Amino acid sequence: MALELERSKNATAIGPDELLTIGRMSRRSGLSIKALRHYDRLGLLPPRDVDPVTGYRRYGPEQVEPAVLIRRLRELEMPLPRVRAVLAAGTLAERLAELEAYRTSVQARAWRLQRVLHELDHDIVRDGGRERFMPDTVGPTYDPEERRQIGVALFNRTWQYLEMPDRTQEQDDYMIHMAHASRFHWEESGLGTAANNARGEWQVSRVYAVVGRAEPAIYHARRCLEICEANGIRDFDIAYAYEALARAHAVAGDGDEARRYAGLAGVARDGIAEDDERELFDSDLATLPVR
């Protein structure tokens, strides 16, 4: 959705100081008169002027764009508290962050609805042209490929949040939940490998390190290393397991352990076969807060 909304094509027909009746505001914004009154009562879009005798509302021409934005966001089923937050955003980056957070919640709702649809298909048994209701008595079932796709999507979304500047507390929470959910769905799908599980643990550790929570960062980095060692995984993944432990211990303020694991990461780096993967690892290693 375009965030810098274009002005209504008809907006140029009004002067900068000319007030709009509620009817004209309705036509220009696409909001019904009833909706405009409702948003006035909520304090979301109060008119510039209200006649003390007649109660007639008058809107300024500068209010057309916020009204159009409200209409668009409500068409996207955004709850009013979130609409208010978007309107209050002081910068484009803040507005985009609000929309990203809402997109994540919509995506989660869509996945829940997909699961419900999947369960209904299982419960409605079609037999010889007749449909029977056969509830599952042992709990919901999930398609393995669906789980894998969810795990992949959440892994990628978590990366987007990791790279987002100036995250809010709510966005940090979303990021943590997504990293854990990705790790869970990957393993539950049965389609992943031990390396996928190690990478999931690494991402969970990185998320906790980024938000400054040392204890879970160390725990999940250690799990990453344990999975690598138990399954003979070397190359890229073992190097990143050491990198995660160095970063997590640095967050904990344990400089000795951070430097020890950073050294192990540097040694493991020489075992990375692919040049582009080694370059990526070097860029991450350079961000370690280790002295």
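Residues numbered from 1 in each chain as written. Predicted model: local features only at pLDDT ≥ 70, side-chain atom pairs only at ≥ 80, totals over all residues. Heavy atoms only, no water.

A. Seen up close, the overall build of the protein chain. A tally of regular secondary structure across the protein chain gives twelve helices and five strands. Within the span of the protein chain, comprising 291 residues, buried residues form 40% of the whole. Restricting the contact set of the protein chain to residue pairs at least 6 apart, pairs at least 24 apart contribute 58%. When the accessible surface of the protein chain is summed, it comes to about 16,600 Å², and 52% of that surface belongs to carbon and sulfur atoms. (Helix = DSSP H or I, 4+ residues; strand = E, 2+ residues; numbered from the N terminus. Buried < 20%, exposed > 50% of the residue type's maximum accessible area, 1.4 Å probe, protein only. Contact = heavy atoms within 4.5 Å. Areas by Shrake-Rupley, 256 points an atom, 1.4 Å probe, with all protein chains shown as cover.)

B. Summary view of the nonpolar core. Leu225, Ile238, Tyr242 and Phe281 are the most contacted members of the largest nonpolar core, which totals 28 residues. The element best represented in this core is helix 10 (residues 235-252), accounting for ten residues. Core analysis: the second largest hydrophobic core is formed by 21 residues, Ile22, Leu36, Tyr59 and Leu99 among them. (Core = buried A, V, L, I, M, F, W, Y, C linked by side-chain atoms within 4.5 Å.)

C. Spotlight on the sheet that holds strand 3 (residues 57-59). Pairing within the open sheet is antiparallel, and its three strands lie in the order 1-3-2. The open sheet has two edge strands with one neighbour each: strand 1 (20-21) and strand 2 (49-50). When strand 2 meets strand 3, the two strands line up antiparallel, connected through two bridges. Following the sheet pairing, Val50 is matched in strand 3 by Arg57. (Pairing = 2+ DSSP bridges.)

D. Examining the packing of aromatic side chains more closely. Inspection of the entire model under this criterion finds five aromatic pairs. Consider the rings of Trp202 and Tyr240, whose centres lie 5.3 Å apart with planes at 80 degrees: the pair is edge-to-face. Taken together, the positions of Trp202 in helix 8 (residues 194-210) and Tyr240 in helix 10 put the pair 38 residues apart, joining distant regions of the chain. We classify Trp202 as buried; its relative accessible area is 8%. Cluster of aromatic residues (ring-pair linked, three or more members): Trp159, Trp202, Phe236, Tyr240 and Phe281. Positioned above the aromatic ring of Tyr261 is the side chain of Arg260, whose terminal nitrogen or guanidinium carbon lies 4.4 Å from the ring centre. (Phe/Tyr/Trp six-rings, centres within 6.5 Å; stacked < 30°, edge-to-face > 60°. Lys NZ or Arg CZ within 6 Å of the ring centre and 35° of its normal.)

E. Spatial organisation of helix 4 (residues 80-88). Within helix 4, burial applies to Arg82, Val83 and Val86. Buried residues in helix 4, looked at end-on, bunch into an arc of 105 degrees, giving them a common side. Summarising the geometry of helix 4, the exposed residues directed more than 90 degrees from the buried face are Pro81 and Ala88. (Arc of directions from axis to C-beta.)

F. Structural context of the layout of surface pockets. Counted as a void, the largest pocket has a volume near 360 Å³. Surrounding the largest pocket, 17 residues form its lining, Ala108, Trp111, Arg112, Leu154 and His185 being those nearest its centre. Those elements that provide at least two residues to the lining of the largest pocket are helix 5 (92-123), helix 6 (144-162) and helix 7 (169-189). If one sorts the elements of the lining of the largest pocket by residue count, helix 5 sits on top with seven residues. Grouping the amino acids of the lining of the largest pocket by side-chain chemistry returns eight nonpolar, five polar and four charged. (1 Å grid on protein atoms, 1.4 Å probe; cavity = no way out; pocket = protein on both sides within 12 Å on 5 of 7 lines; lining within 4 Å. Points joined across faces, edges and corners; volume = space filled by probe spheres on them. Nonpolar A, V, L, I, M, F, W, Y, C, P; charged D, E, K, R; others polar.)

G. Examining the confidence of the model for the protein chain more closely. Averaged over every residue, the pLDDT of the protein chain is 87; residues scoring 70 or more account for 88%. Across the protein chain, the secondary-structure element scoring lowest on mean pLDDT is strand 4 (residues 124-127), at 63, and the one scoring highest is helix 9 (residues 214-230), at 97. Scored below 50 in pLDDT, residues 1-14 shows 23 contacts in the model against residues more than four places distant or in partner chains. (pLDDT = per-residue confidence, 0-100.)

H. Fine view of the pattern of salt bridges. Under the counting rule described, the total for this entry stands at 22 salt bridges. A salt bridge links Asp237 to Arg199; its shortest N-O distance comes to 2.7 Å. With Asp237 in helix 10 and Arg199 in helix 8, the pair connects residues that are 38 residues apart, well separated along the chain. Via salt bridges that share partners, Arg206, Glu243, Arg247 and Asp284 belong to a single interconnected network. (Salt bridge = Lys/Arg side-chain N within 4 Å of Asp/Glu carboxyl O.)

I. A look at helix 3 (residues 64-75). With twelve residues, helix 3 ought to run about 16 Å at 1.5 Å a step, and its terminal C-alpha atoms sit 17 Å apart, in line with that. Residues of helix 3 that are buried include every one of Val64, Ala67, Val68, Leu69, Ile70 and Leu73, and no others. Where helix 3 is buried, its residues touch strand 1, helix 1 (22-29), helix 2 (33-41), helix 4 and helix 5. Directly beyond the C-terminal end of helix 3, a positive phi value near 65 degrees is found at Glu77. (Expected span 1.5 Å × (residues − 1).)

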